[in-house]
Each structure stands twice: as C-alpha cells, then as structure tokens.
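# Report on the structure
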Amino acid sequence: MRTRMLGSSGIEASVVALGTWAIGGGPWWGPTDDETSVRAVHAALDAGITLIDTAPVYGFGRSEEVVGRALRDRRSSAVVATKCGLWWDDESGTPFFTQLGRSVRRSLDPRTIRVEVEASLRRLGTDRIDVLQTHWQAVPPAATPIADTMACLLRLKEEGKIRAIGASNVSPAQMDAYRAGGALDVCQPRYSMLDRHIEADVLPYCHRHGVATLVYSPLEQGLLTGAFGMDRGVQAGEFRTAIPWYEPANRQRVLDMLAGWKDLTERHACSVGQLVIAWTLQQEGVTCALVGARKPEQAIENAAAGDLVLAASDLARMRRDVESLGHPE
Ligand SMILES: NC(=O)c1ccc[n+]([C@@H]2O[C@H](COP(=O)([O-])OP(=O)(O)OC[C@H]3O[C@@H](n4cnc5c(N)ncnc54)[C@H](OP(=O)(O)O)[C@@H]3O)[C@@H](O)[C@H]2O)c1
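Scope of this entry: the structure provided in the associated data block. What you are looking at is a predicted structure, and each value in this text was computed from that prediction instead of being measured.

Within the chain one finds 11 helices and 13 strands. The globule rule puts the C-alpha radius of gyration for 329 residues at 20 Å, and the 19 Å found for the chain is close to it. In terms of overall dimensions, the chain has C-alpha extents of about 55 × 40 × 40 Å along its principal axes. In the chain, once contacts between residues fewer than 6 apart in sequence are set aside, the share between residues at least 24 apart is 74%.

Below you can see the structure in the form of structure tokens.
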C-alpha cells in the first residue's frame, strides 16, 4: 500500500482510505450489520488501509460508534478522520435535509462544533481526532464566517483534540478563507471518473497549495465496480436514486465501457473496481481515494488497488472512454 502525506500535518495516510458512510445504514443505504462492519474495518486495516473516514451524521452516530468499536484495541494503527457541521440537536444552523424525523442543519458555529467534537471523541472512544473536516459549508441565514470557524478549529488543535484541519465540499475561494487563518491540510471533494467537475478548479488549487485531497465516491457508490448490473434494482429512498448514472439507459453505457476494459483487467490481473481506483489515484491533485465498504471482502479488494500503477497509455485510454460517454441523459 502506497502512502502520502496529508498536507503539512506530518500525518501519513494510505492512498486508499476506508469510507464508512454506508456503515451508518439508514434510508440512504438500507440494512447494515454492525458485526460485519467491524470485520470490514479490521479487514481494511489488515490489508494496509490506515485512513478511516467517518462523520457524526452517518447513521446519526452509528458509523462513529462502529468505527470506535473496531478500533478499541487498534487505535494506534489508524488515522481517524471525522467531520463537523451537520447538526440536529436544536434549531441552530440552516436547514439542510430531514431524515428519520430529524432536521439536519448546516452549522459551523464554534459552539456547535465544540459540542460535536466532544460527542465524536466519545463515540470513537479516543482522546484525539486525527483529521477534523467541516462537512458542508455554512450558508445563510446561519452563515458563520469561515474566519470564526477556522479560529475554533485552530484552538481545538492547540488543545490537542484534533491534529489536522480539513474542509469538505468547498470552493477555492472558501479554501482561501480557511488558509488565511492557518493550515488547511485536507480537502474532501466528490470525484470519480464519471464526475470530474473539480478538475477545473479544486484539484489544481489543492495541488498548487499543498492541500491533500481525499476524494469521495470514486466508485460512484459501486457502479464502477461493474458489480451493479442491470438486474439490480435501486430501492426508493436509496442515495443511488440521486445519481443519474444509475438510470437504466445510462447504467448500460457505463457497464459497456467497463466491459471494454477486459484486456486491461486481464493484463493487470485486477478487478474493474481496482482499475478504476488506480486510475483515480493517478490523476493530478488526487492524494487519497476514499472508498466506501461495509463488507470485509470489499475492503480487501479495494485496498489492493493501492499497489496498482497504470501506464500513461492506459490512463489516457480510460480517460478517452469516459469522456466519450459524455453526460448522463
Ligand atoms: N464529504 C462528503 O460530503 C461525503 C459524501 C459522500 C461520501 N463521503 C465519504 O466517502 C466515502 C466513499 O463514498 P461512497 O461510500 O459514497 O461511495 P463509493 O466509495 O463510490 O462506493 C461505496 C459503495 O460501493 C460498493 N462497493 C465498494 N467496494 C466494492 C467492491 N469491491 N465490490 C462491489 N461493490 C463495492 C458498496 O456498496 P454496498 O455497501 O451497497 O455493497 C459501498 O458501500 C463515504 O463512505 C464517506 O466516508 C463523503
């Protein structure tokens, strides 16, 4: 497993990271078994993954709790990244979405951040968070200035509660505002070979300024493993219904493209998912691929992509193929 540094934090992390959104279960992901999830985290660590990403909102605390359980006697082998900024305890913040009767609100107010950090430390069973990332940026009417949010994060760092600061779903202008206050070590944007919009701005910005990128949903929630065939239904309420590539006509085009890479998977003795993760990791500005898994075998397969290096000609061919897919209908 290759490793890379997270900005200027001094923290080294595996290039393939484990995402634990699905481990939280809930309407977006459906039934989830905690014992299997714990085994998935252990399998990931055993396969060389060190970076584990979670968030309070994933299953309203469940993902952090499961990660905490899995790390009970393995804390020192993991770099734990979690988030703050999605709040459901009271009416603070700006309404974002409602789920299971809870109104989830965007709040990056220093008061709510502090409450969230204490709850995350408790659920994770640890005394420090390695990377704390703002999950979604504050918007009016509760638009806390980034300078105030950053001042709070820097104080948490001084207090030893967090080791590095990150921001998710941010623009370069917002990153400028964070960096005006102190070191921003991590940016967590959405990026896959089917969703390359950050190539225009966020990736070059991070590359230029030494901000590590943990790119999320690189498998488009499983579609890019080839395992999500035409016969698999997407249930109402599943998050996948929000991804137009899952519509039958679009999905077929993606599956045809993946099938066309058979010679590549044979030559590299790898799966389609591993090929896609390797391609993602070799794009300029990408530091780590944040790949979700809630089954041990998925974590093991995904981790192995951290050793796969593709030739420039393979990278270019795959890019030509995804570009010729165009946009989903
Ligand atoms: N900052 C943000 O706003 C944000 C947003 C989204 C995600 N994230 C983070 O990024 C992580 C990854 O994103 P993601 O979970 O949305 O998408 P992803 O990594 O593209 O896909 C993960 C899903 O793909 C399926 N999968 C994974 N490995 C597989 C394999 N080897 N074979 C077959 N299927 C496989 C699994 O689905 P099943 O579980 O259904 O089998 C898994 O849950 C999240 O867990 C989270 O930590 C952050």
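So, next bit.
Close to the ligand lie 27 residues; Gly19, Tyr216, Leu219, Gly222 and Gly292 are nearest. Listing elements by their share of the shell around the ligand, those giving two or more residues are strand 13 (288-292) and helix 10 (296-304).

Turning to the nonpolar core, a few remarks are in order. Core analysis: the largest hydrophobic core is formed by 96 residues, its most contacted members being Ala17, Ala44 and Ala289. With 7 residues, the top contributor of residues to this core is helix 9 (residues 272-281). Look past the residues within four positions of Ala44 in its chain and what remains in contact with it is Leu18, Ile49, Ala293, Ala299 and Ala303.

Another point: unusual backbone geometry. The omega angle of the peptide bond from Pro140 to Pro141 is 5°, so this bond is cis rather than trans. The topology assignment puts Pro141 in the loop between strand 9 (129-134) and helix 4 (146-158). Of note, the phi angle at Glu220 is positive, near 50°, even though the residue is not glycine. For Glu220, the location among the structural elements is in the loop between strand 12 (212-216) and helix 7 (248-259). Look at Glu220 and you get buried, because 20 C-beta atoms sit within 10 Å.

Turning our attention to the sheet that holds strand 4 (residues 51-53). Within the closed barrel, the 8 strands sit side by side as 3-4-5-9-10-11-12-13. Their pairing is parallel. Averaged over neighbouring strand pairs, the angle between their axes works out to 30° when direction is ignored. Note: strand 3 (residues 16-19) against strand 4, 2 bridges, orientation parallel. Bridge assignment links Gly19 to a residue of strand 4, and that residue is Asp53.

We now examine the environment of Gly61. Take Gly61: it is sitting in the loop between strand 4 and helix 2 (62-70). Among all residues touching Gly61, those that are not within four sequence positions of it are Pro56 and Arg123.

In space, the 3 strands of this open sheet follow the order 6-8-7, with antiparallel pairing throughout. The sheet terminates laterally at strand 6 (86-87) and strand 7 (94-99), the two strands that pair on one side only. Relative to strand 8 (residues 102-106), strand 7 is paired through 5 bridges, and the arrangement is antiparallel. For Gln99, the partnering residue across the bridge sits in strand 8 and is Arg102.

Next up on the list: helix 10. All buried positions along helix 10 are accounted for by Gln298, Ala299, Glu301, Asn302 and Ala303. Contacts from the buried residues of helix 10 go to strand 3, helix 1 (34-46), helix 9 and strand 13.

Before going further, it helps to spend a moment on the pairing of strand 5 (residues 79-84). When you tally the buried positions in strand 5, you get 6 out of 6 residues, the bulk of the element. Bridging between strand 4 and strand 5 involves 3 bridges; their strand directions are parallel. Note on strand 5: the bridge partner recorded for Asp53 is Ala81. Tracing the backbone out of strand 4, into helix 2 and back to the parallel element strand 5 gives a crossover that is right-handed.

So, on to the packing of helix 1 against helix 2. In contact at an axis separation of 9 Å, helix 1 and helix 2 are set at 55° when each is read in the N-to-C sense. The angle between the axes of helix 1 and helix 2 places the two elements in the oblique class. The element helix 1 and its partner helix 2 pack so that their crossing is right-handed. Counted together, Asp34, Ser37, Val38, Val41 and His42 of helix 1 and Val66, Val67, Arg69 and Ala70 of helix 2 form the full contact between these two elements. When its residues are assigned to classes, the contact of helix 1 with helix 2 shows 5 nonpolar, 2 polar and 2 charged.

A few words now on the environment of Thr112. For Thr112, the location among the structural elements is in helix 3 (residues 110-124). Remark: the alpha-carbon pair of Thr112 and Trp87, spanning 25 residues in sequence, is separated by 7.5 Å. When neighbours within four sequence positions are excluded, Thr112 is seen to be in contact with Trp87, Ser92, Gly93 and Ser107.

Conventions and cut-offs
- Residues numbered from 1 in each chain as written.
- Predicted model: local features only at pLDDT ≥ 70, side-chain atom pairs only at ≥ 80, totals over all residues.
- Helix = DSSP H or I, 4+ residues; strand = E, 2+ residues; numbered from the N terminus.
- Rg over C-alpha atoms; globule rule 2.2 N^0.38 Å.
- Contact = placed C-beta atoms within 7 Å.
- Near = placed C-beta within 6 Å.
- Core = buried A, V, L, I, M, F, W, Y, C linked by C-beta atoms within 7 Å.
- Buried ≥ 20, exposed ≤ 12 C-beta atoms within 10 Å, placed from the backbone.
- Pairing = 2+ DSSP bridges.
- Axes fitted to C-alpha atoms, helices over the stretch in contact; angles between N-to-C directions.
- Right-handed = clockwise from strand over helix to strand, strands pointing away.
- Parallel < 35°, antiparallel > 145°, perpendicular 65-115°, else oblique.
- Left-handed = near helix turned anticlockwise from the far one by under 90°.
- Nonpolar A, V, L, I, M, F, W, Y, C, P; charged D, E, K, R; others polar.

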